[in-house]
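Chain by chain, the residues run as shown.
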Amino acid sequence: EMGGKIFFSTHDKLESVQAFADVGAKYKFQELSTVGADFLVGVNNGEGGGVVFSYMRKQPLSDNFSNIVEGRAGFFHAVAGKGGYMKLALGATPQLYLGTLIHAMMGIETSGSIGNIKEDFMMDIVPRIEVNVKPYLHFTGELAIGILQGKNNDNTRAGIYGRMDF
């Protein structure tokens, strides 16, 4: 699958909003497992670029419910942040299938930058809605809300993205 994402991030209650573009691809190497790579570019900021490598595994629990677990390692300034050289992230995302058109998801993600772990350790709740336009064309909206540390609670990210399955 291949996809693109535009998202907006703020670290200070919407006083300065940063825009990013992300292009990525995933490769299914087992029935329920994928590896992926994403390339991130800051659009209206001096954040530069970044690259993220990921591993994801889907765990079907019933016909209408599954869980996704994912691990990611990101590099360069746009991902690892100021003073960090690698950002590690882990997440779990339960998925509820509302028919074949809509999937509701509620992810929880934790991440931190090696080299800046004290200042950049975060935990987010990430509600998502995915609409399946065609069997191979999907659009998703998400809102990531920081919940862990007082200084990181101001970190909010909103995104919309599309992907195509091949």
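Computed from a predicted structure; not experimentally measured. (Residues numbered from 1 in each chain as written. Predicted model: local features only at pLDDT ≥ 70, side-chain atom pairs only at ≥ 80, totals over all residues. Heavy atoms only, no water.)

Asks: Looking at this structure, how should I read the pattern of salt bridges?
Replies: Across all of its chains, the model carries 10 salt bridges by this definition. Its salt-bridge partner being Arg157, residue Glu142 comes within 3.3 Å of it at the nearest N-O pair. In this pair, Glu142 sits in strand E9 (residues 137–146) while Arg157 sits in strand E10 (residues 156–164), placing the two residues 15 residues apart along the sequence. In this pair, the class of Glu142 matches that of Arg157, namely buried. With a shortest N-O distance of 3.8 Å, Arg163 and Asp165 are connected by a salt bridge. When salt bridges with common partners are traced through the structure, they connect Lys5, Glu70, Arg72, Glu109, Arg128, Glu142 and Arg157 into a single cluster. (Salt bridge = Lys/Arg side-chain N within 4 Å of Asp/Glu carboxyl O. Helix = DSSP H or I, 4+ residues; strand = E, 2+ residues; numbered from the N terminus. Buried < 20%, exposed > 50% of the residue type's maximum accessible area, 1.4 Å probe, protein only.)

Asks: Which parts of the structure should I look at to understand a nonpolar patch on the surface?
Replies: Among the surface-exposed residues, Leu61, Phe65, Leu96, Leu98, Leu101, Ile102, Ile129, Val131, Val133 and Phe139 lie close enough to one another that they form a single nonpolar patch of about 850 Å² accessible area. Of all elements in the fold, only strand E6 (86–98) and strand E8 (122–134) reach the threshold of two or more residues within the nonpolar patch. The leading source of residues in the nonpolar patch is E8, at 3 residues. Its place among the elements puts Leu98 in strand E6. (Patch = residues over 30% accessible without salt bridge, like charges linked within 9 Å, V, L, I, M, F, W, Y side chains within 5 Å. Areas by Shrake-Rupley, 256 points an atom, 1.4 Å probe, with all protein chains shown as cover.)

Asks: Honestly, the pairing of strand E4 (residues 49–62) in this entry has me stumped. Any pointers?
Replies: Consecutive residues of a regular strand have side chains that alternate between opposite faces of the sheet. As paired elements, strand E3 (residues 33–42) and E4 share 9 bridges and run antiparallel to each other. Of the residues in E4, the one forming a bridge with Gly36 is Ser54. Across 11 bridges, E4 lies against strand E5 (residues 65–75) in antiparallel orientation. Bridge pairing in E5 links Ser62 to Phe65. (Pairing = 2+ DSSP bridges.)

Asks: Any chance you could explain the environment of Asp124 here in plain terms?
Replies: Note on placement: Asp124 falls in strand E8. With 34 residues separating them in the primary sequence, Asp124 and Ala158 have C-alpha atoms 12 Å apart. Once residues within four sequence positions are removed from consideration, Asp124 is found in contact with Gly107, Ile108, Glu109, Ala144, Ile145, Gly146, Ile147 and Arg157. (Contact = heavy atoms within 4.5 Å.)

Asks: Looking at this model, I keep getting lost on the sheet that holds strand E2 (residues 17–30). Mind explaining?
Replies: By definition, the strands of a sheet pair up through backbone hydrogen bonds, in either a parallel or an antiparallel sense. Around the barrel, 10 strands lie side by side as E1-E2-E3-E4-E5-E6-E7-E8-E9-E10; this closed barrel has antiparallel pairing. With strand direction ignored, the average angle separating the axes of adjacent strands in the sheet is 20°. The pairing of E2 with E3 spans 10 bridges and is classified as antiparallel. When the sheet's bridge partners are listed, Phe20 is paired in E3 with Gly42. (Axes fitted to C-alpha atoms, helices over the stretch in contact; angles between N-to-C directions.)

Asks: I would appreciate a short explanation of the side chain of Thr93 in the present structure.
Replies: Mapped onto the secondary structure, Thr93 falls in strand E6. Ignoring sequence-local partners within four residues, the contact set of Thr93 consists of Ser66, Asn67, Ile68, Met105, Met106, Gly107 and Arg128.

Asks: Hey, could you run me through the side chain of Ser113 in this one?
Replies: Here Ser113 lies in strand E7 (residues 102–114). For Ser113, a relative accessible area of 0% puts it in the buried group. In this structure the side chain of Ser113 is engaged in a polar contact, spanning 2.6 Å, whose partner is the backbone oxygen of Ala80. (Polar contact = N/O pair within 3.5 Å; in protein donor to acceptor, adjacent residues only side chain to side chain.)

Any functional reading would require information beyond the geometric quantities listed.
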